[in-house]
Amino acid sequence: GAVVSQHPSRVICKSGTSVKIECRSLDFQATTMFWYRQFPKQSLMLMATSNEGSKATYEQGVEKDKFLINHASLTLSTLTVTSAHPEDSSFYICSARIWGKNTEAFFGQGTRLTVV
Amino acid sequence: KNQVEQSPQSLIILEGKNCTLQCNYTVSPFSNLRWYKQDTGRGPVSLTIMTFSENTKSNGRYTATLDADTKQSSLHITASQLSDSASYICVVSEKPRGSNYQLIWGAGTKLIIKP
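As a starting point, this report considers the structure included with it. All figures in this text were calculated on a predicted structure; none of them were measured in a lab.

### Considerations on the packing of aromatic side chains
All names here are of chain A. One pass over the full model with this rule turns up 9 aromatic pairs over all chains. Both rings, one in Phe28 and one in Phe106, keep their centres 5.9 Å apart while their planes meet at 55°; by these two values the pair is tilted. One end of the pair, Phe28, is in the loop between β3 (19-25) and β4 (30-38); the other, Phe106, is in strand β10 (residues 105-107), and 78 residues separate them in sequence. The class for Phe106 is buried, based on a relative accessible area of 17%.

### Regarding the interface of chain A and chain B
How large an interface is tends to be reported as the accessible area lost when its parts come together. Contact with chain A, which involves 17 residues of that partner, is made by 19 residues of chain B. Summing the contributions of chain A and of chain B, the shared interface buries around 1,500 Å²; its carbon and sulfur component is 50%. At the junction of chain A with chain B, the criterion picks out 0 salt bridges. Where chain A touches chain B, the interface holds 3 residue pairs in polar contact (both at pLDDT 80 or more). Sorting the residues of the side of chain A that touches chain B by element identifies β4, β9 (90-98) and β10 of chain A as the ones contributing at least two each. Split by residue class, the side of chain A that touches chain B holds 7 nonpolar, 8 polar and 2 charged.

Here is what the cut-offs are and how they apply
Numbers given to residues run from 1 along each chain, matching the order in which its sequence is written. Going through the entries in the order they are written, you letter the chains from A and number the ligands from 1. Given that this is a predicted model, residues contribute local features only at a pLDDT of at least 70 and side-chain atom pairs are listed and counted only at 80 or more, while totals for whole chains, interfaces and linings are drawn from all residues. Think of the side-chain values as coming from all heavy atoms in the structure, minus any hydrogens and water. Under the pairing criterion, centres of Phe, Tyr and Trp rings, with the six-membered ring standing for Trp, must be within 6.5 Å; the plane angle then separates stacked pairs below 30 degrees from edge-to-face pairs above 60, leaving the rest tilted. Helix and strand assignments come from DSSP, with helices taken as H or I runs of at least 4 residues and strands as E runs of at least 2, each series counted from the N terminus. Exposure categories follow from relative accessible area, calculated using a 1.4 Å probe and restricted to protein chains: below 20% of the type maximum is buried, above 50% is exposed, and the middle band is partly exposed. Note on contacts: a residue pair qualifies if any of its non-hydrogen atoms lie within 4.5 Å across the two residues. Throughout, the accessible surface (probe 1.4 Å) given up by two parts as they are put together, summed over both, is called the buried area. Here, a salt bridge means any side-chain nitrogen of Lys or Arg that lies within 4 Å of a carboxyl oxygen of Asp or Glu. We define a polar contact as two N or O atoms separated by no more than 3.5 Å, with the added condition that, inside protein, one atom must be a possible hydrogen donor and the other a possible acceptor, whereas residues neighbouring each other in sequence contribute only through side-chain atom pairs. Ten residues, namely Ala, Val, Leu, Ile, Met, Phe, Trp, Tyr, Cys and Pro, are considered nonpolar, four, namely Asp, Glu, Lys and Arg, are considered charged, and the remaining ones, Gly among them, are considered polar.

Geometry only, nothing functional implied.
Set out below in structure tokens:
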């Protein structure tokens, strides 16, 4: 099956700093990538939808200036958490959709962000 | 409002036993229904995807059913193994409007297999 690689898997950062998370589709081209956040014991919550070469579409309540998304190529999308605060500590997961297919979405391994 | 509800919220069974997880949805227009397995601290992994015309799909010891009339799905796990301990999430895809479609996530069922 298609592989989505997310990096880093864990990151600890100081409050006020920025953190970049990478999401790569390794063996397919992903026109659309999705970024999710998951708090403990809760289901995934969609943050934004990222289309290659265009601006991301953010879900209601998600600050676009705080969560910067770049999708510069068909195999890479990045999420930057700017000026991180402890309440941003969460599990962030990306997923990617194969070009031309509306059904399958493949998920990265997730990134555990801890802001201290 | 599009919703996906799963039951039970959590389930503990002995290794080797079978179990069935339930998913009810109100998503319309419907495109497909997926079951994912998510291990703690990991991203979800797809188990099955079913479209409107499919009512059963198997993946090894996992068998998913779909009743599009009653808007219900189940995931049956046979001969459970310790490695089956995970959260199982039902996700329903709303029919695409153009190139965008929305995934509606259930809260998941946390399954624990005990030796």
